[in-house]
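Here is what each chain is made of, one letter per residue.
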Amino acid sequence: MVDNRLYAEVVVHTPLGRRVVRSAPVPQAEDTDNLPPPASFHYSIPDALRNEILVGHLVWVPFGSRQLQGVVLSLSDTSPVAETRDILALLDPQPVLTPYQIALARWISEYYMAPLHLAIWNMLPPGIGYRESVILTLAESVPDPTRLSPMQQKVVDLLRSRGSLNTRQLSRFLRDEDWRSAVEGLVRQGVLRRSREIQGPRARPRQEEVIRLTAAGRDFSLDDLRGAKQRVLLDYLQGRMQGDWVPVAAVLTETGTTRAQLRGLLERGLIEWRSQEVRAALQVGCEFAPTAPPRFTPEQEMAWREIAGALEAQRHRVFLLHGVTGSGKTEIYLRAVGEVLARGLGAIVLVPEIALTPQTIRRFTARFPGHVATLHSNLTVHERYSQWLRVRSGEASVVVGSRSAVFAPVANLGLIVVDEEHEWSYKQDQTPYYHARDVAIQLGRIANVPVILGSATPDVGSYYRAVQGEYTLLELPQRILGHRRQLEKQADQRHISAPFPERIGGDDEGIRYMELPPVLVVDLRQELRAGNRGIFSRALQKAMSEALSAGEQVILFLNRRGAATFVMCRDCGHVLRCPRCNVSLTYHGEGHNLICHHCNYRLPMPDACPQCMSARIKFFGIGTQKVQEVTEATFPGVRTLRWDRDVTGAAGSHERILEKFINHEADVLIGTQMIAKGLDLPLVTLVGVVSADTALHLPDFRAIERTFQILTQVAGRAGRSVLGGKVIIQTYNPQHYCIQAASRHDYKAFYQQEMACRRELWYPPFSQLVRLVYVHRSARACREEAKRMHRILLHKIKRLGLPETDLVGPAPCFLTRLRGRYRWQIVVCSKDPHALLSGVPLPLGWRVDVDPVSLL
């Protein structure tokens, strides 16, 4: 008999497979080749769905005794298993993933050693999931109360009064009570009937009520209406509407009428009324007027020719666009996206911080109105789903967003841009621990499209690959001040006469350059010797006074939140610590609280030391909140804004802070790394780095690189207009090569010295790291499991004779305890760590981070 059935490979959304491989009893060294659980399952497609199901579809499938959702990964006329069950239903008529995305998910699962279903579900917007709901209904016969337990009677009484309930509703009514065994008994007795239904996704497009005139309404005479308000409504509609649907809320607001009066028109057949899906582009405020591309500089033109060639050939190449701050990298991105759109293709543009998204969106929407969608974690579930639908439907073909935007279902993808490619915030901090930059490169390889990586301070690994020829290096070494006419207009508005650099080119639209802002390094040790114990050096305080007096703006950078770093008793030395994380609590003046920045544990500031009861409790260190307080005290009347995680929890907070500063509603912006990147603020003439040493000496191999990058990036916020600017860096380590290179804006000098250190210590890019972290509530169990895993790995290294493979640890993590759990780690340093870790069973509690951005 010929088998004409069609089969589907489906990845099922289930807790199964959350770990890298199957959990096992404590294995011996010889038991290290256990196979992982299945990544996907095979189902047969019933005849009714044979011509409907495609790769990427969301389907409903039986899974054991449950019914779950899954995504179709592939179709075949054969199955690797003898017996299969039928797919039950198609949940969405359109595929939720493209074939490119499915191939990318398989790569993520393999490379980052993560379960395939987690890689798949990371690509979908939150709230999209369907779920099975178990409905409980009372049978028609009335049960005999004497045969029921007290809990069973409580369940029966609840269903009798409330009607049928699902198990989640029942759990809410019977909170903290064990009702499940009672329900099972009632079902066996026939007192309850149990049924199942599919509940739709939590995320749904927003619905909006709209109306429009009917043919009768367009010709209806106002005189035939008795009510004055109804005449106002019909007059408004006849004068404003040309057969288009208009929101009910807008009509009522404009006319000052009520829904009852609108329903009167509906009853007479004068209007139509319905609900429709709303998928409008997000409003980000301060929209730029539509812009035309400016003329390129010679350096931009050289870089553009390389990129244009790859776009013309429609082939994969990785470009590292290394341009100093203000050199015109964004304009190249815009030109490349414009070229892609002209070819009927789409693009993904990644930015590292949500803080950068509003300004980037405004630039892209100004150039490509109607084409841009945005995806990032600061949107609500419904907003993200709405934006995702716009992309999937092809309504929006350019996606601008943070890390997860790399998974946008862009049809006919033609280009990927990764701005500030060096940023560690592109790294996901939970399984799968993917890096969006590297995922973007792999997606570009799969889709055969160019990828542009842009940065003023490239990751040293990226720059190394460019130097080695793996990437194409493009350089923009000069800061562009602007075009002559634009600058003269700026100068006229500011009533200044600026000495413009010599014009280049031969026409009247000559391009002007400006040197990067001068950087003054202040030795805080000398300030202390001079008797200055304040947080502002004499040079910084003087420069702030001059800038504020001139009506200009100042940025103060400190990569630490709060008012004080820690609180200590001066008598017994006791430091107040988080009981769950064993790290010092940070004092926050607002609320007079001590807060843990890792788990958000809060404690009111005590009046006395909890250990010795001394009242001599003192604050040590400073944070952004303290800088704000000191700034306002030092410069009375100054208007300040703070931009850190403590003030950006609410939706739209980043946009509001940026808009206020752009509109000059504040004079000084004080913030953490959020303010260091990508922002173009023409009125900022002074950037002050309150302390350059915050992260310089952390026990992490990237600490020096991060410090250089953030100092260079924040320095680039100054001097981006005809007003010019300067930077003051305060430090206790003025001779450190990182500080010196940042003060000269000299990336290549930093790169050469940093690479010499990396080569000597055999750190990336000369090797690859995988960080294994074990987490457990017991300190002893955590230590013993880490040692056991170390023995297994050593045994495998010897058994396979793996070359150039080292293990660092086992050792406690720098943050030994977080959220009540202890942490130990093993770091694998190898040319090919996958060869060692493949097939190694990692029980529940182990976390695998391939290419970690930090070892803290």
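Computed from a prediction, not measured in an experiment: that's the story for all the values here. (Residues numbered from 1 in each chain as written. Predicted model: local features only at pLDDT ≥ 70, side-chain atom pairs only at ≥ 80, totals over all residues. Heavy atoms only, no water.)

Asks: Talk me through the overall build of the protein chain; I want residue IDs and the actual numbers.
Replies: When you go through the protein chain residue by residue, the secondary structure sums to 25 helices and 36 strands. A burial count over the protein chain gives 53% of its 856 residues as buried. Long-range contacts, defined as pairs at least 24 residues apart, comprise 77% of the intrachain contacts of the protein chain with a sequence gap of at least 6. Accessible surface, the protein chain as shown: approximately 38,600 Å² in total, 49% of it carbon and sulfur. (Helix = DSSP H or I, 4+ residues; strand = E, 2+ residues; numbered from the N terminus. Buried < 20%, exposed > 50% of the residue type's maximum accessible area, 1.4 Å probe, protein only. Contact = heavy atoms within 4.5 Å. Areas by Shrake-Rupley, 256 points an atom, 1.4 Å probe, with all protein chains shown as cover.)

Asks: Would you mind going over the environment of L855 in detail, with residue names and values included?
Replies: Tracing the backbone shows L855 in the segment after β36 (846–850). Once the C-alpha coordinates of L855 and Q825 are considered, the two residues, 30 residues apart in sequence, prove to be 9.0 Å apart. Once residues lying within four places of it in the same chain are set aside, the contact partners of L855 are D700, F701, L769, R771, Q825 and V827.

Asks: Break down the sheet that holds strand β34 (residues 805–818) for me, citing the residues and quoting the values.
Replies: A sheet is described by the order of its strands in space; here four strands give the open sequence β34-β35-β33-β36, paired in antiparallel fashion. Each having just a single partner strand, β34 and β36 make up the two edges of the open sheet. Geometrically, the sheet is characterised by an average inter-axis angle of 20° between neighbouring strands, direction not taken into account. Where strand β33 (residues 768–776) lies against β36, five bridges are found, and the strand directions are antiparallel. When the bridges of β36 are listed, R771 appears paired with D849. Contacts between helix α24 (residues 779–800) and the sheet are confined to β33, β34, β35 (821–830) and β36, with β35 contributing the most and set at about 15° to the helix. (Pairing = 2+ DSSP bridges. Axes fitted to C-alpha atoms, helices over the stretch in contact; angles between N-to-C directions.)

Asks: Tell me about the pattern of salt bridges, and name the residues and values.
Replies: With the rule as written, the count across this model stands at 27 salt bridges. Close ionic contact of R437 with D438 constitutes a salt bridge, the shortest N to O distance being 3.2 Å. We classify R437 as buried; its relative accessible area is 7%. Two residues, R788 and E785, come together in a salt bridge whose shortest N-O distance is 2.7 Å. On the criterion of helical spacing, the pair formed by R788 and E785 is a turn pair, its members being three residues apart in helix α24. The two residues R788 and E785 agree in class, both being buried. (Salt bridge = Lys/Arg side-chain N within 4 Å of Asp/Glu carboxyl O.)

Asks: I'd like a description of the sheet that holds strand β2 (residues 41–45), backed by residues and values.
Replies: Pairing is mixed across the open sheet formed by six strands, whose spatial order is β5-β2-β1-β4-β3-β6. Both outer strands of the open sheet, β5 (85–86) and β6 (89–90), are each paired with one neighbouring strand and no more. Pairing of β2 with β5, which is carried by two bridges, proceeds in the parallel orientation. Across the sheet, the residue bridging to Y43 is R85, located in β5.

Asks: I'd like a description of the pairing of strand β32 (residues 726–731), backed by residues and values.
Replies: Of all six residues making up β32, five are buried, and the element is well covered by its neighbours. Pairing between strand β22 (residues 519–523) and β32: five bridges, direction parallel. Residue pairing in the sheet places V522 in a bridge with Q730 of β32. As judged from the four bridges shared by strand β31 (residues 684–689) and β32, these two strands associate in the parallel manner. Within the sheet, the bridge partner assigned to V687 lies in β32 and is V727.

Asks: Run through the packing of helix α21 (residues 703–715) against helix α23 (residues 747–761), naming residues and quoting values.
Replies: Remark: α21 packs on α23, axes separated minimally by 11 Å, with the N-to-C direction vectors making an angle of 175°. Here α21 lies roughly antiparallel to α23, going by the angle between them. Packed against α21, whose contacting residues are I704, E705 and F708, the element α23 presents Y747, F750, E754 and R758 at the interface. For the contact of α21 with α23, a count of residues per class yields four nonpolar, no polar and three charged. (Parallel < 35°, antiparallel > 145°, perpendicular 65-115°, else oblique. Nonpolar A, V, L, I, M, F, W, Y, C, P; charged D, E, K, R; others polar.)

Asks: Help me get a handle on a positive patch on the surface, residues and values and all.
Replies: Taken together, the side chains of R580, R777, R819, R821 and R847 present a region of like positive charge at the surface. Within the element layout of this structure, R819 appears in the loop between β34 and β35. (Patch = residues over 30% accessible without salt bridge, like charges linked within 9 Å, V, L, I, M, F, W, Y side chains within 5 Å. Lys, Arg positive; Asp, Glu negative; His and termini not counted. Charge placed at Lys NZ, Arg CZ, Asp CG, Glu CD.)

Asks: Go over the pairing of strand β3 (residues 58–63), please, and point to the residues and values.
Replies: Most of β3 is tucked away, with six of its six residues classed as buried. Sheet topology places β3 next to strand β4 (residues 66–76); six bridges connect them, and they run antiparallel. Paired with F63 across the strands is R66, a residue of β4. Both β3 and β6 contribute to a ladder of two bridges, which runs antiparallel. Each bridged residue has a counterpart across the sheet, and for V59 the counterpart in β6 is L90.

Asks: Can you explain the confidence of the model for the protein chain? Please cite residues and give values.
Replies: Here the protein chain averages 82 in pLDDT, while 85% of its residues score no lower than 70. The model gives residues 16–36 a pLDDT under 50, and that stretch makes 46 contacts with residues more than four places away or in other chains. Low pLDDT, under 50, characterises residues 284–288; the predicted model gives this stretch 13 contacts beyond four residues in sequence or across chains. (pLDDT = per-residue confidence, 0-100.)

Asks: Could you give an account of the packing of aromatic side chains, with specific residues and numbers?
Replies: Throughout the structure, instances matching the rule amount to 17 aromatic pairs. On the numbers, 5.8 Å between centres and 90° between planes, the contact of W107 with Y112 is edge-to-face. Aromatic pair F708 and F750: ring centres 4.2 Å apart, planes at 5°, arrangement stacked. Note that F708 is positioned in helix α21 and F750 in helix α23, a separation of 42 residues in sequence. Residues F708 and F750 agree in their burial class; the two are buried. (Phe/Tyr/Trp six-rings, centres within 6.5 Å; stacked < 30°, edge-to-face > 60°.)

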